[in-house]
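Geometric and topological summary
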Protein chains: 2
Amino acid sequence: MQKPFQINRAYKEVQQITVAVDCLIFGFNDGNLELLLVSRSFEPERDRWSLIGGFVHNDEDLDDAAHRVLTELTGLDDVYMEQVRAFGKAKRDPYERVISVTYSALVLKKDYNDELVKSYKAEWFPIDNLPELIFDHKEMIDAAMKRLRRRVKSGPVGFNLLPEKFTLPQLQKLYEAILGEEIDKRNFRKKLNSMDFLIKLNEKDKTESKKGAYLYKFDEDKYNYVKNFNI
Amino acid sequence: MQKPFQINRAYKEVQQITVAVDCLIFGFNDGNLELLLVSRSFEPERDRWSLIGGFVHNDEDLDDAAHRVLTELTGLDDVYMEQVRAFGKAKRDPYERVISVTYSALVLKKDYNDELVKSYKAEWFPIDNLPELIFDHKEMIDAAMKRLRRRVKSGPVGFNLLPEKFTLPQLQKLYEAILGEEIDKRNFRKKLNSMDFLIKLNEKDKTESKKGAYLYKFDEDKYNYVKNFNI
DNA sequence: ATATAATAGTGTTCAGTTTACACTTTTAAA
DNA sequence: TTTAAAAGTGTAAACTGAACACTATTATAT
């Protein structure tokens with residue numbers, strides 16, 4: 001019989017591993033769901049597209065590391081972010097052993113620091129037209145998209161991709177972009193209405209149509225009374 | 001403006017961190033959903049209950065590390081296992097910085113090596129009557145349970161907790177144990193029937209009732225034709 | 001041998017939810 | 001003043017989920 005595994009657990013005898021975070025930064029720009037990617041400015045794999053990532057410091061919470069990396073790139077501070085999962089194949093990065101934990105962030109284009117983004121050679125790509133990516137980053141994106149689709153149906157997560165005031169056509173386009181399918185306008189509105197957490201404002205947005213669409217805002221308090229969010 | 005983050009990415013200048021896997025080993029024993037826990041045989045926190053865990057080796061896939069740890073404890077080889085997520089608070093283990101990736105495993109009591117389990121001072125606990133656990137292990141369990149509940153409704157995952165041949169009352173009890181709620185017998189069977197991936201055998205199991213219940217097995221091929229598994 | 005008790009097995013109805021579907025309104029621009 | 005583009009609005013049919021009660025079988029006890 002093998003020796004009890006715990007023997008390996010004697011502290012300080014254990015191999016340590018480089019741990020990274022990779023951030024999937026989603027934005028909803030001009031009606032498209034987009035992802036912010038960077039062109040690597042260092043070897044190996046210089047000039048290839050990659051998710052934005054960084055290493056986890058020893059005294060730093062994993063979640064904090066992800067926020068730090070996001071802030072360094074975008075200047076954004078207060079962003080909705082969730083862990084997706086850890087990617088840990090021994091050879092996923094062929095140059096060095098790195099375990100990477102991915103995070104999915106939803107950001108508002110207008111809020112982030114454009115200068116910063118440009119200085120990193122970062123670019124937005126529509127989610128259905130991504131360039132080739134290094135390592136297992138495509139797999140990370142697939143996992144995050146799957147998760148986003150699930151989350152967005154069961155909670156008011158998508159609202160993080162819209163400004164405080166938004167129109168129903170915008171909201172619908174956002175859902176269509178995330179889910180990758182068309183939604184019936186009347187059914188969509190009926191559902192939103194029944195959940196009763198949108199506040200209709202006395203203002204119209206006329207930038208996207210001649211008629212103009214009423215602006216709404218999200219009522220966080222009321223949302224808490226909604227038992228089953230379900231779109 | 002800060003320097004580009006990539007500067008930190010120069011390989012070999014980066015802090016390394018101890019990475020562990022912790023396994024949530026679920027079993028369905030005597031009608032209860034149970035979790036296998038070990039009493040720590042080493043300091044710190046000796047004799048307190050914990051998930052079974054181990055450290056990730058440098059040349060080892062994360063998933064493989066989880067399987068290795070599971071095999072060391074149970075002798076089981078071919079087990080359904082999924083990553084839950086990474087837990088990475090800097091102080092989650094107060095003795096040393098350890099990032100832990102949790103995995104959820106569904107095992108069959110009859111298959112595992114009882115001797116091995118005993119030699120580790122491991123014990124099964126019903127999921128609704130767990131002892132106090134070290135560190136953030138309770139939080140890990142909560143996350144894994146939430147995930148299990150979701151997964152079991154949307155795919156034939158629960159079948160990994162039953163032997164190859166099982167009765168419908170057993171299957172129902174399993175779902176009730178996982179979901180923590182009673183299910184109507186007729187509705188449950190109706191749903192299973194409509195999805196058409198169970199094969200009724202010409203055998204009865206008489207160990208659990210006088211009348212005896214028909215045995216069924218799961219038809220993996222047919223499952224692939226089921227578009228929407230949904231219980 | 002008969003009665004009992006425990007579990008297996010089986011359909012229908014009602015309510016709620018989801019889906020499909022088409023026309024009117026508004027207004028900027030031609 | 002016409003046109004074109006997008007906003008806004010309700011109803012009917014199909015489907016899905018939930019509630020609900022009795023009969024069948026047989027080991028065990030009397």
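We now turn to the structure provided with this report. (Residues numbered from 1 in each chain as written. Chains lettered and ligands numbered in written order. Predicted model: local features only at pLDDT ≥ 70, side-chain atom pairs only at ≥ 80, totals over all residues. Heavy atoms only, no water.)

**Concerning the overall build of chain A**
Stated formally: Here a helix means four or more residues in a row that DSSP labels H or I, a strand means two or more in a row labelled E, and each is numbered from the N terminus. Here's how the labels work: a residue is buried when its accessible area is under 20% of the maximum for its type, exposed when over 50%, partly exposed in between, all with a 1.4 Å probe on protein chains only. Only heavy atoms enter the contact rule, under which two residues are in contact if any of them lie within 4.5 Å. Accessibility throughout is a Shrake-Rupley quantity obtained with a 1.4 Å probe, and a residue counts as covered only by protein chains that appear here. Only four residue types enter the tally: Lys and Arg on the positive side, Asp and Glu on the negative side; His and the chain ends are excluded. Charge positions are represented by NZ for Lys, CZ for Arg, CG for Asp and CD for Glu.
Within chain A one finds 6 helices and 10 strands. Along the longest, intermediate and shortest principal axes, the C-alpha atoms of chain A span 70 × 45 × 30 Å. Here chain A, with 231 residues, has 55% of them falling under the buried criterion. Nonlocal contacts in chain A, meaning residues at least 24 apart in sequence, comprise 67% of its contacts between residues at least 6 apart. Summed over its atoms, the accessible surface of chain A is roughly 11,700 Å², and 44% of this surface lies on carbon and sulfur atoms. When the 38 basic and 39 acidic side-chain charges of chain A are each reduced to a single mean position, those positions are 7 Å apart.

**Observations concerning the sheet that holds strand S10 (residues 213–218) of chain B**
Residues and elements named next belong to chain B. Worth spelling out the cut-off: Here, strands pair whenever DSSP counts at least two bridges between them. Note on method: axes are straight lines fitted to C-alpha atoms, helices fitted across the in-contact stretch only, with angles between N-to-C directions ranging 0 to 180 degrees.
One open sheet accounts for 3 strands, arranged S8-S10-S9; its pairing is antiparallel. Looking at strand neighbours, the two that pair on one side only are strand S8 (165–167) and strand S9 (198–205), the edges of this open sheet. Each neighbouring strand pair of the sheet contributes to a mean axis angle of 40°, computed without reference to strand direction. In terms of strand pairing, S9 meets S10 through 5 bridges, oriented antiparallel.

**Comments concerning the protein's contact with DNA strand D**
Short version of the rule: Nearness is judged by heavy atoms alone; a residue qualifies as near a molecule or strand once a single heavy atom is within 4 Å of it. Two N or O atoms form a polar contact when they lie within 3.5 Å of each other; inside protein one atom must be a possible hydrogen donor and the other a possible acceptor, and for residues adjacent in sequence the pair counts only when both atoms belong to side chains. Charged means Asp, Glu, Lys or Arg here, nonpolar means Ala, Val, Leu, Ile, Met, Phe, Trp, Tyr, Cys or Pro, and polar covers whatever is left, Gly included.
Among the 21 residues in the neighbourhood of DNA strand D, the closest are listed as A:Pro169, A:Lys185, A:Arg189, A:Tyr214 and B:Asn187. Considering DNA strand D, the proportion of its atoms within 4 Å of the protein that are sugar or phosphate atoms stands at 40%. Between DNA strand D and the protein, one listed contact pairs a base nitrogen with a side-chain N or O atom of A:Lys211 at 3.1 Å. One of the side-chain N or O atoms of B:Asp184 is found 3.1 Å from a base nitrogen in DNA strand D. For the surface near DNA strand D, the secondary structure elements donating two or more residues are helix H5 (185–195) and strand S10 (213–218) of chain A together with helix H5 (185–195) of chain B. When grouped by side-chain class, the residues that make up the surface near DNA strand D number 3 nonpolar, 4 polar and 14 charged.

**A short note on the layout of surface pockets**
Over the atoms, a rolling probe the size of a water molecule traces out where space has been left empty. Residues and elements named next belong to chain B. Note the threshold: Method remark: on a 1 Å grid restricted to protein atoms, a set of points is classed as a cavity if a 1.4 Å probe fits but cannot get out and as a pocket if it is open with protein on both sides within 12 Å along at least five of seven lines; lining residues have an atom within 4 Å of a point. Grid points are joined across faces, edges and corners, and a volume is the space filled by probe spheres set on the points. By convention here, the domain bounds are inherited from an automatic or database domain assignment.
Counted as a void, the second largest pocket has a volume near 620 Å³. Surrounding the second largest pocket, 24 residues form its lining, Phe 159, Asn 160, Leu 162, Phe 218 and Glu 220 being those nearest its centre. Within the residue set of the lining of the second largest pocket, elements represented by two or more residues are strand S6 (98–107), S10 and helix H6 (220–225). Per-element tally for the lining of the second largest pocket: the top contributor is H6, with 3 residues. Grouping the amino acids of the lining of the second largest pocket by side-chain chemistry returns 15 nonpolar, 2 polar and 7 charged. Each of domain 1 (14–144) and domain 2 (162–224) gives at least three residues to the lining of the second largest pocket.

**What about a positive patch on the surface?**
All names here are of chain A. This is how it is decided: Each patch is built from residues that are more than 30% exposed by relative accessible area and take part in no salt bridge. Like charges join if they lie within 9 Å; nonpolar side chains (Val, Leu, Ile, Met, Phe, Trp, Tyr) join within 5 Å. Between Lys or Arg on one side and Asp or Glu on the other, a salt bridge is scored when a side-chain nitrogen of the former is within 4 Å of a carboxyl oxygen of the latter.
Side chains of Lys 185, Arg 186, Arg 189, Lys 190, Lys 200, Lys 204, Lys 206 and Lys 211 sit close together on the surface and give a patch of like positive charge. For the positive patch, the secondary structure elements donating two or more residues are H5 and strand S9 (198–205). Tallying contributions element by element places H5 first for the positive patch, with 4 residues. Structurally, the position occupied by Lys 204 is in strand S9.

**A word on the sheet that holds S10(A)**
Residue and element names in this part refer to chain A. Overall, antiparallel pairing links the 3 strands, which are arranged S8-S10-S9 in an open sheet. Here the strands that pair on one side only, and so sit at the sheet edges, are strand S8 (165–167) and S9. The average undirected angle you get between the axes of adjacent strands in this sheet is 40°. Sheet contacts for helix H4 (residues 168–179): S8, S9 and S10; angle to S8, the most-contacted strand, approximately 80°.

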